[in-house]
Amino acid sequence: MIEEIVTVTAAGPEGVRVAAERNSACAQCSSRSNCSQGVLSQWRKDKMVEVAVMNPEGLSVPVGAQVVIGLQEGSLMKASFLLYCIPLLCLILAAIAASTLGWSEPAQVVASLGAMLAGFWAVRRYANSKSVKPDYQPVLLKILET
């Protein structure tokens, strides 16, 4: 399980809302000052993100408390795989099919891009149907002692 320490901003019967600071891998990298990605990540104005979190154990959480939330690792890996591989696979298969059918190069490009967009659309529909499942939602794990 992937865990993160966050701050509670609102609590209700169905769950809690938490605010987490956006952290990039650049914060831990020794080359961040020489890397354009590291410099760009420092310019981002919105460094906080607010997320709704399920509270399956019904813990009583005060606003402002530090808590640990978690997300199933397998769910994140599956979602990442689908998001990257399905559109890319659609693009490659459409390019091969259009080339095999003898289409002109501009038509191959248009067909490939269209198939890639269709792949993104299909992944989005699949993700929307799965997003309500508990495996794909962050969960409140514990309240930290302060």
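Here, every reference points to the structure presented above.
Residues numbered from 1 in each chain as written. Predicted model: local features only at pLDDT ≥ 70, side-chain atom pairs only at ≥ 80, totals over all residues. Heavy atoms only, no water.

A.B. asks: How should I be thinking about the overall build of the protein chain in this particular structure?
C.D. replies: When helices and strands are counted, the protein chain shows three helices and five strands. Mapped in sequence order, the helices and strands of the protein chain form the string β-β-α-β-β-α-α-β. Within the span of the protein chain, comprising 146 residues, buried residues form 21% of the whole. Sequence separation of at least 24 residues holds for 76% of the intrachain contacts in the protein chain that already meet a minimum separation of 6. (Helix = DSSP H or I, 4+ residues; strand = E, 2+ residues; numbered from the N terminus. Buried < 20%, exposed > 50% of the residue type's maximum accessible area, 1.4 Å probe, protein only. Contact = heavy atoms within 4.5 Å.)

A.B. asks: What should I look at first to understand the pairing of strand β2 (residues 15-21) in this one?
C.D. replies: Both faces of the sheet carry side chains from a regular strand, because those side chains alternate between them. Of all the seven residues making up β2, five are buried; the element is thus mostly covered by neighbouring parts of the structure. By the bridge criterion, four bridges tie strand β1 (residues 2-11) to β2 in an arrangement that is antiparallel. When the bridges of β2 are listed, Thr7 appears paired with Ala19. Taking the residues that link successive antiparallel strands as the turn, the β1-β2 hairpin has three residues. Pairing geometry for β2 and strand β3 (residues 48-54), over seven bridges, is antiparallel. Counted as the bridge partner of Glu21 is Met48 from β3. (Pairing = 2+ DSSP bridges.)

A.B. asks: Help me understand a nonpolar patch on the surface in this model?
C.D. replies: A grouping of Leu88, Leu89, Ile92, Leu93 and Ile96 is seen on the molecular surface, where their side chains present a nonpolar patch of about 460 Å² in accessible area. Following the sequence through the fold, Leu89 ends up in helix α2 (residues 73-100). (Patch = residues over 30% accessible without salt bridge, like charges linked within 9 Å, V, L, I, M, F, W, Y side chains within 5 Å. Areas by Shrake-Rupley, 256 points an atom, 1.4 Å probe, with all protein chains shown as cover. Salt bridge = Lys/Arg side-chain N within 4 Å of Asp/Glu carboxyl O.)

A.B. asks: What exactly am I supposed to notice about the pattern of salt bridges here?
C.D. replies: Opposite charge on two side chains makes pairing possible when the charged atoms of those side chains draw close. According to the stated counting rule, one finds one salt bridge in the structure shown. One salt bridge connects Glu50 with Arg17, and the closest N-O pair in it is separated by 3.0 Å. One end of the pair, Glu50, is in strand β3; the other, Arg17, is in strand β2, and 33 residues separate them in sequence. A relative accessible area of 35% places Arg17 in the partly exposed class.

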